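Topology and contacts: notes
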Amino acid sequence: MHALVERLYPLCRSITGDGVRATLDIVGEHLELEVHEVPTGTQVLDWTVPREWNIRDAYVKDPSGTRVVDFRRSNLHVVGYSVPVSAVMTLDELRPHLHTLPEQPGLVPYRTSYYAETWGFCLSQDTLDGMGPGPYEVVIDSTLADGHLTYAEHVVRGRTDEEVLISCHVCHPSLANDNLAGIAVATALAGRLREPRHTYRFLFAPGTIGAITWLARNRERTGRVRHGLTLACAGDPGALTYKRSRRGDAPIDRVMTAVLRDRPHTVVDFAPYGYDERQFCSPGFNLPVGSLTRTPYAGYPEYHTSGDDVGFVSPEAMADTLDALWAAVQVLERDGRYQNLSPYGEPQLGRRGLYGSLGGRSDTKQAQMAMLWVLNLSDGDHGLLDIAQRSGLPFGAVAEAAGALEGAGLLKRVGEGG
Ligand code: ZN
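Calculation rules
- Residues numbered from 1 in each chain as written.
- Predicted model: local features only at pLDDT ≥ 70, side-chain atom pairs only at ≥ 80, totals over all residues.
- Heavy atoms only, no water.
- Helix = DSSP H or I, 4+ residues; strand = E, 2+ residues; numbered from the N terminus.
- Buried < 20%, exposed > 50% of the residue type's maximum accessible area, 1.4 Å probe, protein only.
- Contact = heavy atoms within 4.5 Å.
- Areas by Shrake-Rupley, 256 points an atom, 1.4 Å probe, with all protein chains shown as cover.
- Lys, Arg positive; Asp, Glu negative; His and termini not counted.
- Charge placed at Lys NZ, Arg CZ, Asp CG, Glu CD.
- Donors = N, O, S within 2.8 Å, 3.2 Å for Na, K, Ca; no water.
- Phe/Tyr/Trp six-rings, centres within 6.5 Å; stacked < 30°, edge-to-face > 60°.
- Lys NZ or Arg CZ within 6 Å of the ring centre and 35° of its normal.
- Pairing = 2+ DSSP bridges.
- Axes fitted to C-alpha atoms, helices over the stretch in contact; angles between N-to-C directions.
- Salt bridge = Lys/Arg side-chain N within 4 Å of Asp/Glu carboxyl O.
- Domains from an automatic or database assignment.
- Buried area = accessible area lost by both parts, 1.4 Å probe.

**Description of the overall build of the protein**
Within the protein one finds 12 helices and 19 strands. Its C-alpha atoms give the protein principal-axis dimensions of about 90 × 40 × 35 Å. Counting the 418 residues in the protein, one finds 55% classified as buried. Long-range pairs, those at least 24 residues apart, make up 80% of the contacts in the protein with a sequence separation of at least 6. Accessible surface computed for the protein: about 17,500 Å², of which carbon and sulfur atoms make up 48%. Averaging the positions of the 40 positive and the 51 negative side-chain charges in the protein gives two centres separated by 7 Å.

**Observations concerning the coordination of the zinc ion**
Looking at the zinc ion, one finds its protein donor set to be His172 (NE2), Asp178 (OD) and His304 (NE2), positioned 2.0 to 2.1 Å from the metal centre. Going along the chain, you hit the donors of the zinc ion in the pattern H-x5-D-x125-H. Comparing His172 with Asp178 shows no difference in burial state: the two are buried.

**Quick look at unusual backbone geometry**
Here the residue pair Gly134 and Pro135 is connected by a cis peptide bond, since its omega of 0° sits within 30 degrees of zero. Within the element layout of this structure, Pro135 appears in the loop between α4 (125-129) and β9 (136-145). Positive phi values are uncommon outside glycine, yet Tyr81 reaches one of about 75°. When you line up the elements, Tyr81 lands in the loop between β5 (67-70) and β6 (85-89).

**Some words on the side chain of Ser245**
Here Ser245 is to be found in the loop between β14 (240-243) and α7 (251-260). Not counting residues within four places of it along the chain, the set of residues in contact with Ser245 comprises Ala250, Asp253, Phe270, Cys281, Leu287, Pro288, Val289 and Gly290.

**Observations regarding the packing of aromatic side chains**
Counted under the stated rule, the structure contains 11 aromatic pairs. Ring centres of Tyr114 and Tyr115 lie 6.1 Å apart, and the angle between their planes is 75°; this geometry places the pair in the edge-to-face category. Take Tyr115: its relative accessible area is 48%, and that puts it in the partly exposed class. With a centroid separation of 5.0 Å and an interplanar angle of 85°, the aromatic rings of Tyr275 and Tyr297 are classed as edge-to-face. Taken as a pair, Tyr275 in the loop between β15 (265-268) and α8 (277-280) and Tyr297 in the loop between β16 (289-293) and α9 (315-334) lie far apart in primary sequence, 22 residues in all. Every member of this aromatic cluster is reached through a ring pair, and the members are Tyr273, Tyr275, Tyr297, Tyr300, Tyr303 and Phe312. Seen from the ring of Trp326, Arg192 lies directly overhead, with NZ or CZ sitting 5.2 Å from the centre.

**Remarks on the sheet that holds strand β10 (residues 148-156)**
The mixed open sheet is built from eight strands, whose spatial order is β1-β10-β12-β11-β13-β16-β14-β15. Strand pairing shows two members of the sheet lacking a second neighbour, β1 (34-39) and β15, which therefore form its edges. Ignoring strand direction, the axes of neighbouring strands in this sheet form an average angle of 20°. As paired elements, β10 and strand β12 (residues 199-205) share five bridges and run antiparallel to each other. Pairing of Ala152 across the sheet is with Phe204, part of β12. Sheet strands touched by helix α6 (residues 209-217): β1, β10, β11 (163-169) and β12. Its angle to β10, the strand with the most contacts, is close to 65°.

**So, the pattern of salt bridges**
Within the structure shown, the criterion is met by 22 salt bridges. Across the pair Asp141 and Arg56 runs a salt bridge, and its minimum N-O distance is 3.1 Å. Of this pair, Asp141 sits in strand β9 while Arg56 sits in strand β4 (residues 52-61); the two residues are 85 residues apart in sequence, bridging distant segments of the chain. Asp141 sits in the partly exposed class, given a relative accessible area of 33%.

**Some points on the domain arrangement of the protein**
Here the protein is described as being made up of domain 1 (2-50 + 148-333), domain 2 (52-145) and domain 3 (336-416). Its C-alpha centre places domain 1 at a distance of 34 Å from the equivalent point of domain 3. Counting residues at the interface gives eight residues for domain 1, matched by nine residues for domain 3. Taken over both partners, the interface formed by domain 1 and domain 3 buries close to 690 Å², and the fraction arising from carbon and sulfur atoms is 46%.

Written out as C-alpha coordinates, the structure is:
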(Lines give C-alpha, C1' and ligand atoms only; values in the text may rest on other atoms or scores of the structure.)
Protein backbone atom coordinates (compact mmCIF):
# COMPACT_ATOMS: atom_id res chain seq x y z
CA MET A 1 0.00 0.00 0.00
CA HIS A 2 2.76 2.43 0.90
CA ALA A 3 4.62 1.66 -2.32
CA LEU A 4 1.46 2.47 -4.26
CA VAL A 5 1.15 5.78 -2.40
CA GLU A 6 4.77 6.59 -3.28
CA ARG A 7 4.18 5.79 -6.92
CA LEU A 8 1.00 7.87 -7.20
CA TYR A 9 2.35 10.79 -5.18
CA PRO A 10 4.14 12.75 -7.96
CA LEU A 11 1.17 12.74 -10.36
CA CYS A 12 -0.66 16.02 -10.79
CA ARG A 13 -4.26 15.00 -10.24
CA SER A 14 -7.22 17.34 -10.35
CA ILE A 15 -10.96 16.87 -10.85
CA THR A 16 -10.24 16.19 -14.54
CA GLY A 17 -7.21 15.59 -16.72
CA ASP A 18 -4.33 13.27 -17.42
CA GLY A 19 -3.22 13.06 -13.79
CA VAL A 20 -6.44 11.24 -12.94
CA ARG A 21 -6.02 8.96 -15.97
CA ALA A 22 -2.42 8.14 -15.03
CA THR A 23 -3.55 7.39 -11.48
CA LEU A 24 -6.27 5.05 -12.71
CA ASP A 25 -3.79 3.38 -15.07
CA ILE A 26 -1.61 2.51 -12.09
CA VAL A 27 -4.54 1.34 -9.95
CA GLY A 28 -5.55 -0.65 -13.03
CA GLU A 29 -2.34 -2.66 -12.76
CA HIS A 30 -3.76 -4.09 -9.52
CA LEU A 31 -7.49 -4.20 -10.26
CA GLU A 32 -9.61 -4.58 -13.35
CA LEU A 33 -11.09 -1.10 -13.79
CA GLU A 34 -13.95 0.11 -15.90
CA VAL A 35 -12.92 3.67 -16.77
CA HIS A 36 -15.64 6.18 -17.66
CA GLU A 37 -15.04 9.37 -19.63
CA VAL A 38 -17.86 11.91 -19.34
CA PRO A 39 -17.73 14.86 -21.76
CA THR A 40 -17.41 18.47 -20.70
CA GLY A 41 -20.82 20.12 -20.59
CA THR A 42 -22.70 17.00 -19.52
CA GLN A 43 -25.46 17.91 -17.10
CA VAL A 44 -25.09 15.90 -13.88
CA LEU A 45 -27.80 16.56 -11.29
CA ASP A 46 -27.52 20.29 -10.54
CA TRP A 47 -23.96 20.49 -11.89
CA THR A 48 -22.19 20.50 -15.25
CA VAL A 49 -19.04 18.55 -16.06
CA PRO A 50 -16.38 21.27 -16.32
CA ARG A 51 -13.69 21.78 -18.90
CA GLU A 52 -10.70 19.49 -18.61
CA TRP A 53 -7.52 20.89 -17.07
CA ASN A 54 -4.01 19.78 -17.93
CA ILE A 55 -0.67 21.29 -17.02
CA ARG A 56 2.81 20.73 -18.33
CA ASP A 57 4.98 23.25 -16.50
CA ALA A 58 4.83 26.35 -14.33
CA TYR A 59 7.34 28.55 -12.60
CA VAL A 60 8.25 31.93 -11.18
CA LYS A 61 11.76 32.81 -12.32
CA ASP A 62 13.79 35.53 -10.61
CA PRO A 63 16.02 38.04 -12.44
CA SER A 64 18.99 35.65 -12.16
CA GLY A 65 17.05 32.94 -14.02
CA THR A 66 16.44 30.74 -10.95
CA ARG A 67 13.02 29.11 -10.61
CA VAL A 68 12.09 30.28 -7.11
CA VAL A 69 8.72 28.55 -7.47
CA ASP A 70 8.83 25.42 -9.61
CA PHE A 71 5.96 23.12 -10.54
CA ARG A 72 8.49 20.42 -11.40
CA ARG A 73 9.61 20.30 -7.78
CA SER A 74 6.05 19.97 -6.44
CA ASN A 75 2.71 20.13 -8.22
CA LEU A 76 1.26 21.84 -5.14
CA HIS A 77 3.01 25.03 -6.30
CA VAL A 78 0.26 25.78 -8.82
CA VAL A 79 -3.33 26.58 -7.89
CA GLY A 80 -5.37 23.74 -9.37
CA TYR A 81 -7.25 24.74 -12.52
CA SER A 82 -5.04 27.79 -13.11
CA VAL A 83 -5.55 29.28 -16.56
CA PRO A 84 -2.39 29.78 -18.65
CA VAL A 85 -0.24 32.83 -18.01
CA SER A 86 2.99 34.15 -19.45
CA ALA A 87 4.06 37.53 -18.10
CA VAL A 88 6.81 39.55 -16.50
CA MET A 89 5.73 41.02 -13.18
CA THR A 90 7.12 42.74 -10.14
CA LEU A 91 6.67 41.04 -6.78
CA ASP A 92 3.96 43.58 -5.90
CA GLU A 93 2.03 42.74 -9.08
CA LEU A 94 2.51 39.03 -8.48
CA ARG A 95 1.58 39.09 -4.80
CA PRO A 96 -2.25 38.81 -5.21
CA HIS A 97 -1.60 35.51 -7.02
CA LEU A 98 0.64 34.05 -4.30
CA HIS A 99 -0.72 31.84 -1.52
CA THR A 100 1.23 30.99 1.63
CA LEU A 101 0.61 29.72 5.15
CA PRO A 102 2.02 32.38 7.48
CA GLU A 103 1.25 30.18 10.50
CA GLN A 104 3.17 27.23 9.00
CA PRO A 105 5.94 29.15 7.22
CA GLY A 106 7.82 26.08 5.98
CA LEU A 107 4.85 24.43 4.26
CA VAL A 108 3.27 24.92 0.84
CA PRO A 109 -0.54 25.11 0.85
CA TYR A 110 -2.84 23.21 -1.53
CA ARG A 111 -5.30 25.48 -3.33
CA THR A 112 -7.72 25.07 -6.22
CA SER A 113 -10.07 27.26 -8.17
CA TYR A 114 -12.27 24.92 -10.18
CA TYR A 115 -15.21 27.13 -10.89
CA ALA A 116 -13.75 30.66 -10.92
CA GLU A 117 -11.29 31.33 -13.73
CA THR A 118 -8.02 32.51 -12.22
CA TRP A 119 -4.41 31.52 -11.72
CA GLY A 120 -2.00 31.43 -8.85
CA PHE A 121 1.02 29.93 -7.16
CA CYS A 122 1.40 28.34 -3.73
CA LEU A 123 4.68 28.61 -1.88
CA SER A 124 6.03 28.58 1.62
CA GLN A 125 6.05 31.80 3.57
CA ASP A 126 9.80 31.26 3.99
CA THR A 127 10.27 31.32 0.21
CA LEU A 128 8.13 34.42 -0.17
CA ASP A 129 10.06 36.19 2.58
CA GLY A 130 13.25 35.60 0.61
CA MET A 131 11.93 37.06 -2.66
CA GLY A 132 13.18 40.44 -3.88
CA PRO A 133 11.16 43.05 -5.79
CA GLY A 134 11.68 41.32 -9.15
CA PRO A 135 10.87 41.52 -11.97
CA TYR A 136 9.85 37.87 -12.30
CA GLU A 137 9.11 35.75 -15.32
CA VAL A 138 5.76 34.10 -14.56
CA VAL A 139 4.66 31.10 -16.62
CA ILE A 140 1.83 28.60 -16.27
CA ASP A 141 1.74 26.25 -19.24
CA SER A 142 -1.72 24.79 -18.78
CA THR A 143 -4.79 24.03 -20.86
CA LEU A 144 -8.39 24.46 -19.86
CA ALA A 145 -10.44 23.05 -22.71
CA ASP A 146 -13.38 20.84 -23.56
CA GLY A 147 -12.52 17.27 -22.71
CA HIS A 148 -13.76 14.74 -20.16
CA LEU A 149 -14.18 13.95 -16.51
CA THR A 150 -12.66 10.56 -15.74
CA TYR A 151 -13.64 8.09 -13.06
CA ALA A 152 -13.39 4.35 -12.63
CA GLU A 153 -15.20 1.45 -11.03
CA HIS A 154 -14.01 -1.96 -9.95
CA VAL A 155 -16.77 -4.45 -9.26
CA VAL A 156 -16.40 -7.72 -7.37
CA ARG A 157 -19.52 -9.67 -8.31
CA GLY A 158 -21.22 -11.31 -5.38
CA ARG A 159 -23.81 -14.02 -5.08
CA THR A 160 -26.45 -11.29 -4.75
CA ASP A 161 -27.07 -7.90 -6.40
CA GLU A 162 -27.02 -6.19 -3.03
CA GLU A 163 -24.16 -3.77 -3.20
CA VAL A 164 -21.50 -2.48 -0.89
CA LEU A 165 -20.14 0.82 -2.20
CA ILE A 166 -16.59 1.84 -1.29
CA SER A 167 -15.70 5.24 -2.64
CA CYS A 168 -12.54 7.31 -2.57
CA HIS A 169 -11.56 10.58 -4.16
CA VAL A 170 -8.78 10.76 -6.74
CA CYS A 171 -8.59 14.51 -7.37
CA HIS A 172 -5.80 15.73 -5.09
CA PRO A 173 -2.28 16.15 -6.48
CA SER A 174 0.70 15.39 -4.22
CA LEU A 175 -1.21 14.78 -0.99
CA ALA A 176 -0.65 11.37 0.55
CA ASN A 177 -3.13 10.96 3.37
CA ASP A 178 -5.87 13.02 1.75
CA ASN A 179 -6.59 10.73 -1.16
CA LEU A 180 -3.65 8.38 -1.89
CA ALA A 181 -3.85 6.34 1.31
CA GLY A 182 -7.58 5.80 0.72
CA ILE A 183 -6.92 4.71 -2.85
CA ALA A 184 -4.24 2.29 -1.67
CA VAL A 185 -6.37 0.78 1.10
CA ALA A 186 -9.39 0.43 -1.21
CA THR A 187 -7.20 -1.26 -3.81
CA ALA A 188 -5.86 -3.71 -1.23
CA LEU A 189 -9.35 -4.46 0.09
CA ALA A 190 -10.68 -5.11 -3.42
CA GLY A 191 -7.83 -7.54 -4.03
CA ARG A 192 -8.77 -9.57 -0.96
CA LEU A 193 -12.41 -10.25 -1.77
CA ARG A 194 -13.21 -13.74 -3.02
CA GLU A 195 -16.71 -14.83 -4.07
CA PRO A 196 -18.50 -12.59 -1.58
CA ARG A 197 -22.21 -12.62 -0.86
CA HIS A 198 -22.63 -8.92 -1.61
CA THR A 199 -21.48 -7.28 -4.79
CA TYR A 200 -18.68 -4.82 -3.97
CA ARG A 201 -18.42 -1.69 -6.07
CA PHE A 202 -15.25 0.38 -5.68
CA LEU A 203 -15.53 3.90 -7.01
CA PHE A 204 -12.42 5.94 -7.78
CA ALA A 205 -13.72 9.39 -8.68
CA PRO A 206 -12.83 13.05 -8.28
CA GLY A 207 -14.38 14.57 -5.15
CA THR A 208 -17.82 16.17 -5.35
CA ILE A 209 -18.23 16.44 -9.14
CA GLY A 210 -17.13 12.80 -9.61
CA ALA A 211 -19.55 11.46 -7.02
CA ILE A 212 -22.31 13.67 -8.43
CA THR A 213 -21.54 12.38 -11.94
CA TRP A 214 -21.68 8.79 -10.73
CA LEU A 215 -24.97 9.40 -8.92
CA ALA A 216 -26.46 11.11 -11.99
CA ARG A 217 -25.52 8.19 -14.22
CA ASN A 218 -26.59 5.49 -11.77
CA ARG A 219 -29.68 7.07 -10.32
CA GLU A 220 -31.94 4.07 -10.81
CA ARG A 221 -29.28 1.71 -9.47
CA THR A 222 -28.65 3.44 -6.17
CA GLY A 223 -31.39 1.37 -4.54
CA ARG A 224 -29.05 -1.60 -4.69
CA VAL A 225 -26.57 0.07 -2.36
CA ARG A 226 -27.21 -1.66 0.97
CA HIS A 227 -24.06 -0.46 2.68
CA GLY A 228 -21.39 2.05 1.81
CA LEU A 229 -18.31 3.88 3.00
CA THR A 230 -16.31 6.79 1.78
CA LEU A 231 -12.69 6.13 2.55
CA ALA A 232 -10.18 8.94 3.04
CA CYS A 233 -7.32 10.01 5.30
CA ALA A 234 -6.55 6.32 5.72
CA GLY A 235 -2.87 6.44 6.59
CA ASP A 236 -2.10 9.09 9.21
CA PRO A 237 -0.96 8.23 12.74
CA GLY A 238 -4.31 9.12 14.37
CA ALA A 239 -6.97 6.69 15.58
CA LEU A 240 -9.80 5.57 13.31
CA THR A 241 -12.87 7.78 13.01
CA TYR A 242 -16.24 6.61 11.78
CA LYS A 243 -18.81 9.17 10.77
CA ARG A 244 -22.33 7.78 10.71
CA SER A 245 -24.55 7.89 7.66
CA ARG A 246 -27.28 10.52 7.51
CA ARG A 247 -29.73 7.80 8.57
CA GLY A 248 -27.67 7.24 11.72
CA ASP A 249 -29.10 3.76 12.28
CA ALA A 250 -28.21 2.06 9.02
CA PRO A 251 -26.68 -1.43 9.29
CA ILE A 252 -23.29 0.00 8.29
CA ASP A 253 -23.50 2.33 11.28
CA ARG A 254 -24.04 -0.60 13.64
CA VAL A 255 -21.38 -2.68 11.91
CA MET A 256 -18.69 0.01 12.04
CA THR A 257 -19.46 0.85 15.65
CA ALA A 258 -19.12 -2.81 16.56
CA VAL A 259 -15.94 -3.31 14.56
CA LEU A 260 -14.26 -0.31 16.15
CA ARG A 261 -15.36 -1.23 19.67
CA ASP A 262 -12.08 -2.88 20.60
CA ARG A 263 -9.78 -0.36 18.90
CA PRO A 264 -8.86 3.22 19.71
CA HIS A 265 -11.50 5.13 17.79
CA THR A 266 -14.05 7.91 17.62
CA VAL A 267 -17.59 7.69 16.26
CA VAL A 268 -19.25 10.93 15.21
CA ASP A 269 -22.68 11.78 13.89
CA PHE A 270 -23.37 12.68 10.30
CA ALA A 271 -22.80 16.26 9.19
CA PRO A 272 -23.22 17.51 5.62
CA TYR A 273 -19.52 18.28 5.26
CA GLY A 274 -16.38 16.28 4.60
CA TYR A 275 -15.98 13.89 1.67
CA ASP A 276 -18.46 12.39 -0.78
CA GLU A 277 -20.80 11.14 1.93
CA ARG A 278 -22.19 14.64 1.38
CA GLN A 279 -23.44 13.53 -2.01
CA PHE A 280 -24.41 9.94 -1.20
CA CYS A 281 -26.28 11.17 1.87
CA SER A 282 -27.99 14.10 0.13
CA PRO A 283 -31.68 13.82 1.03
CA GLY A 284 -32.84 12.66 -2.41
CA PHE A 285 -30.55 9.63 -2.24
CA ASN A 286 -30.07 9.23 1.52
CA LEU A 287 -27.91 6.17 0.97
CA PRO A 288 -26.63 4.12 3.91
CA VAL A 289 -23.10 5.43 3.44
CA GLY A 290 -20.81 6.33 6.32
CA SER A 291 -17.30 7.67 6.26
CA LEU A 292 -14.14 6.01 7.50
CA THR A 293 -11.01 8.04 8.12
CA ARG A 294 -8.26 8.05 10.66
CA THR A 295 -7.93 11.69 11.72
CA PRO A 296 -10.96 13.28 10.11
CA TYR A 297 -11.18 15.80 7.31
CA ALA A 298 -9.18 18.96 8.05
CA GLY A 299 -8.35 17.64 11.53
CA TYR A 300 -4.53 17.62 11.33
CA PRO A 301 -2.02 20.45 10.77
CA GLU A 302 -0.58 18.80 7.65
CA TYR A 303 -4.04 18.77 6.01
CA HIS A 304 -3.98 20.38 2.53
CA THR A 305 -0.29 21.25 2.81
CA SER A 306 3.00 19.88 1.55
CA GLY A 307 3.32 18.29 5.01
CA ASP A 308 0.83 15.62 3.86
CA ASP A 309 3.59 13.75 2.07
CA VAL A 310 4.54 10.08 1.79
CA GLY A 311 6.31 10.28 5.14
CA PHE A 312 3.11 11.38 6.86
CA VAL A 313 1.37 8.10 6.07
CA SER A 314 2.70 4.81 7.39
CA PRO A 315 2.37 1.19 6.28
CA GLU A 316 1.21 0.34 9.81
CA ALA A 317 -1.61 2.88 9.82
CA MET A 318 -2.83 1.78 6.40
CA ALA A 319 -2.67 -1.86 7.49
CA ASP A 320 -4.75 -0.97 10.54
CA THR A 321 -7.35 0.80 8.40
CA LEU A 322 -7.47 -2.19 6.06
CA ASP A 323 -7.82 -4.53 9.03
CA ALA A 324 -10.84 -2.61 10.35
CA LEU A 325 -12.42 -2.62 6.90
CA TRP A 326 -11.80 -6.33 6.57
CA ALA A 327 -13.47 -6.91 9.92
CA ALA A 328 -16.45 -4.90 8.68
CA VAL A 329 -16.60 -6.99 5.52
CA GLN A 330 -16.68 -10.16 7.66
CA VAL A 331 -19.70 -8.84 9.51
CA LEU A 332 -21.47 -7.67 6.35
CA GLU A 333 -20.86 -11.04 4.75
CA ARG A 334 -21.69 -13.30 7.68
CA ASP A 335 -24.32 -11.51 9.71
CA GLY A 336 -27.78 -13.01 9.63
CA ARG A 337 -30.76 -13.98 11.74
CA TYR A 338 -31.22 -17.61 12.72
CA GLN A 339 -33.91 -19.72 14.29
CA ASN A 340 -33.06 -22.21 17.04
CA LEU A 341 -34.72 -25.47 15.94
CA SER A 342 -34.49 -26.99 19.43
CA PRO A 343 -35.61 -24.13 21.65
CA TYR A 344 -37.22 -26.11 24.50
CA GLY A 345 -34.42 -26.51 27.01
CA GLU A 346 -30.82 -26.54 25.85
CA PRO A 347 -30.06 -29.07 23.16
CA GLN A 348 -27.45 -31.62 24.21
CA LEU A 349 -24.29 -30.40 22.55
CA GLY A 350 -21.92 -33.13 23.73
CA ARG A 351 -23.99 -35.83 22.04
CA ARG A 352 -23.58 -33.96 18.75
CA GLY A 353 -19.82 -33.56 19.16
CA LEU A 354 -20.12 -29.80 19.33
CA TYR A 355 -18.01 -29.34 22.45
CA GLY A 356 -14.95 -30.74 20.74
CA SER A 357 -15.56 -29.54 17.24
CA LEU A 358 -14.55 -25.92 17.59
CA GLY A 359 -11.41 -23.96 18.24
CA GLY A 360 -8.22 -24.75 20.12
CA ARG A 361 -7.74 -25.36 23.81
CA SER A 362 -7.53 -21.68 24.77
CA ASP A 363 -10.71 -20.58 23.01
CA THR A 364 -12.80 -23.65 23.80
CA LYS A 365 -14.56 -21.80 26.58
CA GLN A 366 -15.27 -18.87 24.27
CA ALA A 367 -16.58 -21.23 21.57
CA GLN A 368 -18.93 -22.85 24.09
CA MET A 369 -20.17 -19.51 25.30
CA ALA A 370 -20.73 -18.43 21.71
CA MET A 371 -22.84 -21.55 21.04
CA LEU A 372 -24.93 -20.97 24.14
CA TRP A 373 -25.52 -17.33 23.24
CA VAL A 374 -26.38 -18.13 19.62
CA LEU A 375 -28.81 -20.85 20.68
CA ASN A 376 -30.42 -18.64 23.25
CA LEU A 377 -30.88 -15.53 21.13
CA SER A 378 -31.62 -17.16 17.79
CA ASP A 379 -35.35 -16.56 17.95
CA GLY A 380 -35.49 -15.12 14.45
CA ASP A 381 -35.26 -11.52 15.67
CA HIS A 382 -31.63 -11.19 16.77
CA GLY A 383 -28.84 -11.18 14.22
CA LEU A 384 -25.35 -12.50 14.87
CA LEU A 385 -24.00 -8.97 15.32
CA ASP A 386 -26.68 -8.34 17.96
CA ILE A 387 -25.60 -11.52 19.70
CA ALA A 388 -21.94 -10.55 19.56
CA GLN A 389 -22.74 -7.17 21.07
CA ARG A 390 -24.99 -8.46 23.79
CA SER A 391 -22.62 -11.25 24.78
CA GLY A 392 -19.44 -9.22 24.43
CA LEU A 393 -17.96 -12.05 22.34
CA PRO A 394 -16.02 -11.44 19.13
CA PHE A 395 -18.22 -11.50 16.03
CA GLY A 396 -16.00 -14.16 14.46
CA ALA A 397 -16.60 -16.57 17.37
CA VAL A 398 -20.36 -16.01 17.19
CA ALA A 399 -20.42 -16.54 13.41
CA GLU A 400 -18.38 -19.72 13.75
CA ALA A 401 -20.71 -21.04 16.43
CA ALA A 402 -23.69 -20.35 14.19
CA GLY A 403 -22.01 -22.24 11.37
CA ALA A 404 -21.33 -25.24 13.59
CA LEU A 405 -24.86 -25.25 15.00
CA GLU A 406 -26.36 -24.94 11.52
CA GLY A 407 -24.18 -27.84 10.40
CA ALA A 408 -25.54 -29.91 13.30
CA GLY A 409 -29.12 -29.15 12.31
CA LEU A 410 -29.84 -27.05 15.38
CA LEU A 411 -30.12 -23.72 13.60
CA LYS A 412 -31.70 -22.40 10.45
CA ARG A 413 -30.89 -19.11 8.72
CA VAL A 414 -34.06 -17.02 8.38
CA GLY A 415 -32.83 -13.66 7.10
CA GLU A 416 -30.46 -10.75 7.04
CA GLY A 417 -28.84 -9.30 10.15
CA GLY A 418 -31.02 -7.87 12.89
ZN1 ZN B 1 -8.84 17.34 0.53
